[in-house]
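# Secondary and tertiary structure notes
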Amino acid sequence: AQSVTQLGSHVSVSEGALVLLRCNYSSSVPPYLFWYVQYPNQGLQLLLKYTTGATLVKGINGFEAEFKKSETSFHLTKPSAHMSDAAEYFCAVSGASGTYKYIFGTGTRLKVLA
Amino acid sequence: SQTIHQWPATLVQPVGSPLSLECTVEGTSNPNLYWYRQAAGRGLQLLFYSVGIGQISSEVPQNLSASRPQDRQFILSSKKLLLSDSGFYLCAWRKGEASNQPQHFGDGTRLSIL
């Protein structure tokens, strides 16, 4: 069975500071991993994905994430936070071919302080 | 390019009334379609998914049902709403059956039951 754990339901950073949102997964097959962002009263927007190949993945809005198999982690980072980054972030995992389900973490709400 | 539409954006319904939420996808064919419910602080709960016309898989036994009358149309229904049906409902699509493909979400419907 697959699972996703997002450590910290709320994270606050100062504008210009490093953003680090943590995601750990559990999967019995090579995972496919995704990060999404959700702004209030909107749907989820794909930030980035890891499928195969390079373990450092770059996404939109300056975000990136690194797949670390040994640590079963896929943490999301951004070097310098902007006020517009305030939102909720979800990590998700899917697995073997033919799987229809995606397992989502419970989300991390990012607050950016001026 | 592909787009997904959900309507209505907000809905207020009395307990015991029927429900119909509609989702359509444009610019692709034979998508996998999903309905999720998002409750505050609880992440995304998968309700139904569909891999083709008339093919519906239910994840959680509940007061809701889903139908897929056309390739790119997905409908969420209820005959009698309960207070517990309140929440934010999201429709999503995925290209084909490859689990390395991300899901793409609509803007959601905020459902309030009085």
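This section reports on the structure supplied with the text.

Analysis parameters
Residues numbered from 1 in each chain as written. Chains lettered and ligands numbered in written order. Predicted model: local features only at pLDDT ≥ 70, side-chain atom pairs only at ≥ 80, totals over all residues. Heavy atoms only, no water. Phe/Tyr/Trp six-rings, centres within 6.5 Å; stacked < 30°, edge-to-face > 60°. Helix = DSSP H or I, 4+ residues; strand = E, 2+ residues; numbered from the N terminus. Buried < 20%, exposed > 50% of the residue type's maximum accessible area, 1.4 Å probe, protein only. Pairing = 2+ DSSP bridges. Axes fitted to C-alpha atoms, helices over the stretch in contact; angles between N-to-C directions. Polar contact = N/O pair within 3.5 Å; in protein donor to acceptor, adjacent residues only side chain to side chain. Contact = heavy atoms within 4.5 Å. Salt bridge = Lys/Arg side-chain N within 4 Å of Asp/Glu carboxyl O.

With that out of the way, let us pick up the packing of aromatic side chains. Residue and element names in this part refer to chain B. If you walk through the whole model with that rule in mind, you get 16 aromatic pairs over all chains. Summarising the aromatic geometry, the rings of Y36 and F105 are spaced 5.7 Å apart at their centres and angled 40° between planes, so their arrangement reads as tilted. Placement of Y36 in strand β4 (residues 32-38) and of F105 in strand β10 (residues 103-105) is noted, with a sequence separation of 69 residues between them. For Y36, a relative accessible area of 0% translates into the label buried.

Moving on, we get to the sheet that holds strand β8 (residues 73-78) of chain B. Each strand in a sheet pairs with its neighbour through backbone hydrogen bonds, running either in the same direction (parallel) or in the opposite one (antiparallel). Residues and elements named next belong to chain B. Spatially, the four strands line up as an open sheet ordered β1-β3-β8-β7, and their pairing is antiparallel. For this open sheet the edge positions go to β1 (3-7) and β7 (65-70), each flanked by a neighbour on one side alone. The mean inter-strand angle of the sheet, taken between neighbouring strand axes irrespective of direction, is 20°.

Moving on, we get to the side chain of Q38 of chain A. Secondary-structure assignment places Q38 of chain A in strand β5 (residues 32-38). Given a relative accessible area of 8%, Q38 of chain A falls into the buried group. Reaching out from Q38 of chain A, the side chain makes a polar contact with the side chain of Q38 of chain B at a distance of 2.8 Å. With sequence-adjacent residues up to four places away left out, Q38 of chain A is seen in contact with G43, L44, A87, E88 and F90 of chain A together with Q38, F88 and L90 of chain B.

In this section: the pattern of salt bridges. On inspection of all chains with the given rule, the structure shows six salt bridges over all chains. Two residues, K78 of chain A and D85 of chain A, come together in a salt bridge whose shortest N-O distance is 2.9 Å. Owing to a relative accessible area of 10%, K78 of chain A belongs among the buried residues under this scheme. Residue classification places D85 of chain A among the buried positions, given a relative accessible area of 2%. In this structure, the salt-bridge partner of D85 of chain B is R37 of chain B, at a minimum N-O distance of 3.7 Å. Of this pair, D85 of chain B sits in the loop between β8 and β9 (87-94) while R37 of chain B sits in strand β4, placing them 48 residues apart in sequence. For the pair shown, D85 of chain B and R37 of chain B are each scored as buried.

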